[in-house]
Amino acid sequence: MLLCKAIPTPRYTLPLTISCCSASFRWVKDGKKLNWMGHNGSGNFTAHGDKPLSDYQGHYRCYADNTLGTAMTHTVKLITESTPTLPKQKRSHKTAEEGASVVLHCNPPRSSTIPHIHWMDKKLLHIGQSERVTTGLDGNLYFANVLKNDSRDDYTCNAQYISARTILPKEPISLTVTPSNDVARGRKPQLMQPQGPHSSHLALRGHSLVLECIPKGLPTPSVLWKRMDVNLSETGAWTDNHGRWLRFDSITQKADGEYECLASNTHGSVTHSYTVTVEAEPYWVKEPPSLLYSPGETVRLDCQAEGIPTPTVTWSINGDVILSVDIDPRRRVTGGVLVLKDVVFGDTAVYQCEATNKHGNILKNTYIYVIELPAQILSSDGVVYQVTEGGVARLHCEAFGSPRPQVTWESEDLQNTLLSDSRVSQLTNGTLELFNSSREDSGVYTCSITHNNTSITAHLEVLKRTVMLIGPQAVQVTRGGDSWLDCHFTFDPHLNRPQILWRKDGQKIMESSLGDKYTLLGNGTLRVTDVQSADEGLYSCEVITDLDSVLASGSITVVACPSPPVFLSLSEEQDHNLTLSWTPGNTHNSPTTEFVVEVKEEKHPEGKWESHRVTGDVNHLELHLLPYSTYRFRVSGVNRLGRSNPSEISEAYSTLPTVPESYPLNVRSESTEPGTLVIMWEEIDRRLYNGSGFQYKVSWRQVQAHHWSHTHVPHPPYLVNGTRAFSSYEMKVQAVNSLGEGPHPVPVIGHSGEDYPLASPSKISVSVDNSSAIVRWQPVDTHTVQGHLLGYKVTTTIEIKGGRWVVEVDGNKTKEVVTGLKLYSLYELSMTTFNRKGEGPHSPTHPFRTPEGVPGPPASLDFESPSETELTLHWRPPTQPNGQLVGYVLQYQQISDSRNSPPQVEVIYDPTVTHLPLDGLDPHSRYVFYLRGRTSAGQGPPITRECATLLDGVPPSNISTVVGERSVNLSWVPGDRYRNHSFHIKYLSKTVGGKWEESEQVNTLQAFYSLTGLQPGTQYRLLITHGNYTHWEDEIQTTELRGVEGDFATQGWFIGLISAVVLLLLLLLVLCFIKRSKGGKYAVKDKEESQMDSEARPIKDETFGEYSDGDEKRSVSQPSLCVESKLGSDDSLAEYGDSVDIQFNEDGSFIGQYSGRGPAPTGNESSGPASPVNLDPPPPPIGPSFAGILDRTS
């Protein structure tokens, strides 16, 4: 049944109602009218059973007629055919070897519609499809290679004809797979479909197309599709049927071009190229509208169609082609444009525009109605129009009437004519168009009909336009990462909330897609999670308001490490060189910068993967392989994101054996014992053996001998016995294996083991120059060395102290200078010859003496100060007299701020004198002393010291007190550069009957004293006198007696002790600060008596010992204040024990203090002159000496 329905047009519901009469129908078949009448007004054409079905096949067109014209349909092709049937079939059986390719044919009955093919078994279960087993476009079942489990007897092809509602099952096919040994070798890919290297395909725009590529081979080949000139994704194609089909759905012109299929496995590859040509059936570009016209108007109908090839356009009126109608001068046809001038009522008709090419035709019926009606405005009054800035405002004023009424527009601003604005235009249908609208265009506009009182008003509101602030960008995302695409915008607040529409490759991202993959944030941003290759593409964000829209686009490009290279292949081996080639893997949008080729040698256990690198535009590498080795290869790609996984490891490749290509290096003799020759060499790498049965051929002979001795050993060294000591031999080592000998090396010279030298140098002579001796000798005969002459040893021995040292001299020398000898000393010299084995016999000894020289500086210089104007110098003789000492020279001078005073010189002619008193010195000045020793050779370097005398001591005046219940603790800072002074503390109880009492004797260097035996809660007056006047006084009051309560820390005596310690530490800090602020001060360091309690003695880490004469100590007088400014000798003065106490002051000068002990004189007098008698010592101080505390070393 062919359906034909007509809808009367036009139909208007106005004050004047126009309707059309019912239509009558007629059919034309193959250009001839059918003698057939419709039933009950129906235009349907029904075939009757009284004729064969084949009589109805042809091209049909339906016409519908009424009083206003005739409309018609496009041409319809009717195809008639019987229901497909299967002829009688025989059951077939196929046999194939394992690994071979097989095709099971279906051959369904032919039909105008292509059947759907289903390969099933006897249980009506589909046969599993994969890259190995595929159904082709022809319906056949293709096996790229068969397996044993492919054997079965129920392969059944079922052809489904959807239009005929029929399924035709063919007879089952039996397949038997037999085992084969060829499976291990594999098969190179070949194409089963399509045949040949190239094929062409024609497709129509909007239709579907499938390209097929079904390979065979073992292992199963993989298929790679590509477009030759552009990216495959731009064509809209996608792979189907396990990559064996390239499918185009609704194909477009972009798909026109060249394509290639590459099928490959480890044994090779094969390609097939395709030419796809896309043509098109006719389609409309512009269609003419159906309109009303009044008499006298001009009708223009535009009909534009496109197609490939370009369609031809014809015009018809009421179904009759215009060219066959009488020529009307008012009518003009130019291509797809029909113009009819000065229309009359008789021009009312249906005009047909038909476009045709070889692929089909399309037809458009346009209704032209010529009528005369009164003018009316059909558009509503008071309509509010909204538009955004920059947009186009269209104010409608549709007028109806025949003849067509003239419409005019006016704005509120009557001074300006609207049409004078270049942005304003009025369409033929009365619509006012305002381009590039601005906020100033807002207002009321009036539309009226010329020569008529009919008018309407329109209100225009111009709002802010929607602006995209930040749109999606082109981003690159690492596979598996997340991506955010922005969509930030602004819009007019008078508008409703815009709709945000995201698209991917033009397809809407539906709300149902939002979730794990896509997340639309509140600000319009789209988040794409876990980005994969399928997420690549063009993304657009469109913001749609009621008035406008704005669109911005970006893209996501997925980047990742390259895919591993595939299809590794090796060229034929030539001279152990071959070329490894590979096919690069997918770059994943990041170009491959280099390939890493890894080679592993497997025959030897130490083989490891060795890397070679080539640039990313090279897919092969020439490799040099070692003979008699087994190799495997793998390749990785590298881009900016990292390195791919290695490719599949290649099959093992073995190279042929050959003779060795190198010989051992560094052949040498390592003989150590006389009578043996040890031949040593560096072993060859096992990978360079080049074959089985590898050994070293060792050859040797004496120099100038004719015959070689040979032996074969597996490894070094090789020992030759029975040789003479240090004999010369020629030696060579050659590599050999089961195929023969390697290259011949050049012999090297070696020697047998060395023995001790037999002789020493002769004609030895010695000449002395001060502390040096020049030794000369005659070399030994080389035959007596019995080895390599390494040199001579010169042994020098000093006679008195037994000192001995040895100087090694190069064997080429005959003279050597021995330095560092002591002056005025007797030496003995001898020489030996030595080689690697050792030394030979000593030569006879040669005695010699060094001359006398000037002495070194005195060993020490110390000072004592008996009074303010006296100093006594004490020294020790030089440790290096360098001859007979004849005396000393002392030079000293006063140091002043303005200039130094003239030096004073004292000459001492007695070398046994070791002290010298000086008097008449200025107590307020410092002196510098230079002391030198003398021999007959002259004066030696001096020992230099700076020193000053000590001043008479006085009692302390700045005393701090800490009061307890029965005692008071007194502490003070001893005076700087003052002698120790003894005094008594007088105290008076201010109670009735109190009397003056006196403490025991106290020394100023104690710095602390505890006055005990006081009464609790009593006021005392304390007094210290010096001469006939009061030197210091103070009043104190002891604390009240308290009960013994609380713990240990609350006891008064304990608190007092802690307070004293704190006060001492505070004074220590103050003194340190003063000493750092002022230079030139002298710290007094007290040597306490040996009988003192060990806890009360000051610690002295840097003191010098006293000067001693025999076992008798010197006098009790205090030493002077001295400094060592320069030593003429490097010897340390500290080694001389108890002479002078030396320390550094803050300004860097030395302070010397006599370290002897003795009692202070009674009364207020200063310490007297020195005395050899040791008097009773004073009572020990309560606390440690404050000066001693300052002198302690941290």
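Computed from a prediction, not measured in an experiment: that's the story for all the values here.

Examining the state of the cysteines
Here's step 1: As enumerated under the stated definition, the model contains five disulfides in all.
Here's step 2: Each sulfur of the disulfide joining Cys106 and Cys157 lies 1.8 Å from the other. Across the disulfide from Cys106 to Cys157, rotation about the S-S bond amounts to roughly -55°, and the bridge is consequently left-handed. With Cys106 in the loop between β9 (102–104) and β10 (116–120) and Cys157 in strand β13 (residues 152–161), this pair connects stretches of sequence that are 51 residues apart.
Here's step 3: Two residues share a disulfide in this structure: Cys487 and Cys541, whose sulfurs sit 1.7 Å from each other. Because the torsion about its S-S bond is -50°, the bridge between Cys487 and Cys541 counts as left-handed. With Cys487 in the loop between β45 (483–485) and β46 (488–490) and Cys541 in strand β51 (residues 537–544), this pair connects stretches of sequence that are 54 residues apart.
Here's step 4: The class of Cys487 is buried, set by a relative accessible area of 0%.
Here's step 5: For Cys541, a relative accessible area of 0% gives the class buried.

Concerning the sheet that holds strand β44 (residues 474–478)
Here's step 1: Ordered by their spatial adjacency, five strands build an open sheet running β44-β52-β51-β47-β48, and the pairing between neighbours is mixed. Two strands bound the open sheet, and with one partner strand each, they are β44 and β48 (507–508).
Here's step 2: Pairing of β51 with strand β52 (residues 549–559), which is carried by eight bridges, proceeds in the antiparallel orientation. Paired with Glu542 across the strands is Leu551, a residue of β52.

Details of the layout of surface pockets
Here's step 1: One number sums up the size of the largest pocket: a volume of about 1700 Å³.
Here's step 2: Along its surface, the largest pocket is lined by 41 residues, and Asn231, Leu232, Ser233, Glu536 and Asn586 are the ones closest to its centre.
Here's step 3: Looking at the lining of the largest pocket, the elements that each hand over two or more residues are β20 (222–227), β21 (237–240), β23 (257–265), β51, β52 and β53 (566–570).
Here's step 4: Looking at which element gives the most residues to the lining of the largest pocket, the answer is β20, with six residues.
Here's step 5: Its residues assigned to classes, the lining of the largest pocket shows 16 nonpolar, 16 polar and nine charged.

Comments concerning the environment of His118
Here's step 1: Its place among the elements puts His118 in strand β10.
Here's step 2: In sequence terms His118 and Cys106 are 12 residues apart; their C-alpha atoms lie 9.9 Å from each other.
Here's step 3: Residues within four places of His118 in sequence aside, it is in contact with His126, Thr156, Cys157, Asn158 and Gln160.
Here's step 4: Reaching out from His118, the side chain makes a polar contact with the side chain of His126 at a distance of 3.5 Å.
Here's step 5: Of the polar contacts made by the side chain of His118, one reaches the side chain of Gln160; its length is 3.1 Å.

Let's talk about the pattern of salt bridges
Here's step 1: Under the defined criterion, the tally for this structure stands at 40 salt bridges.
Here's step 2: Note that Glu287 is salt-bridged to Lys364, the shortest N-O span being 3.7 Å. Of the two residues, Glu287 sits in the loop between β24 (268–286) and β25 (291–293) while Lys364 sits in strand β33 (residues 360–370), which places them 77 residues apart along the sequence.
Here's step 3: Taking the relative accessible area as the measure of exposure, Glu287 reaches 41% and is therefore partly exposed.
Here's step 4: A salt bridge links Asp441 to Arg423; its shortest N-O distance comes to 2.9 Å. Placement of Asp441 in the loop between β40 (432–434) and β41 (443–449) and of Arg423 in the loop between β38 (407–411) and β39 (424–426) is noted, with a sequence separation of 18 residues between them.
Here's step 5: Owing to a relative accessible area of 21%, Arg423 belongs among the partly exposed residues under this scheme.
Here's step 6: Put simply, Asp121, Arg152 and Asp154 are held in one network by salt bridges that share partners.

Some details on the packing of aromatic side chains
In this description, an aromatic ring pair is defined by two values, namely the gap between the centres and the angle between the planes.
Here's step 1: Within this structure, the stated rule accounts for 20 aromatic pairs.
Here's step 2: Plain terms: the ring middles of Tyr689 and Phe694 are 3.8 Å apart, the flat faces sit at 5° to each other, and that makes the pair stacked. The pair formed by Tyr689 and Phe694 is uniform in burial state, with each residue classed as buried.
Here's step 3: Pairing Phe694 with Tyr696 gives two aromatic rings, centres 5.1 Å apart and planes at 85°, and the pair type is edge-to-face.
Here's step 4: With relative accessibility at 13%, the residue Phe694 sits in the buried group.
Here's step 5: The structure contains a cluster of three or more aromatic residues connected by ring pairs, namely Trp681, Tyr689, Phe694 and Tyr696.

Here's the deal with the sheet that holds strand β12 (residues 141–143)
Here's step 1: The strand order across the open sheet formed by three strands is β9-β12-β11, and the pairing between neighbours is antiparallel. Looking at the sheet topology across the chains shown, the edges are occupied by β9 and β11 (133–135). Looking at each pair of strands side by side, their axes are set apart by 20° on average, direction ignored.
Here's step 2: As paired elements, β9 and β12 share three bridges and run antiparallel to each other.

Basis of the calculations
Residues numbered from 1 in each chain as written. Predicted model: local features only at pLDDT ≥ 70, side-chain atom pairs only at ≥ 80, totals over all residues. Heavy atoms only, no water. Disulfide = S-S within 2.5 Å. Helix = DSSP H or I, 4+ residues; strand = E, 2+ residues; numbered from the N terminus. Buried < 20%, exposed > 50% of the residue type's maximum accessible area, 1.4 Å probe, protein only. Pairing = 2+ DSSP bridges. 1 Å grid on protein atoms, 1.4 Å probe; cavity = no way out; pocket = protein on both sides within 12 Å on 5 of 7 lines; lining within 4 Å. Points joined across faces, edges and corners; volume = space filled by probe spheres on them. Nonpolar A, V, L, I, M, F, W, Y, C, P; charged D, E, K, R; others polar. Contact = heavy atoms within 4.5 Å. Polar contact = N/O pair within 3.5 Å; in protein donor to acceptor, adjacent residues only side chain to side chain. Salt bridge = Lys/Arg side-chain N within 4 Å of Asp/Glu carboxyl O. Phe/Tyr/Trp six-rings, centres within 6.5 Å; stacked < 30°, edge-to-face > 60°. Axes fitted to C-alpha atoms, helices over the stretch in contact; angles between N-to-C directions.

From the geometry alone we can't say anything about function, so treat these as descriptive.
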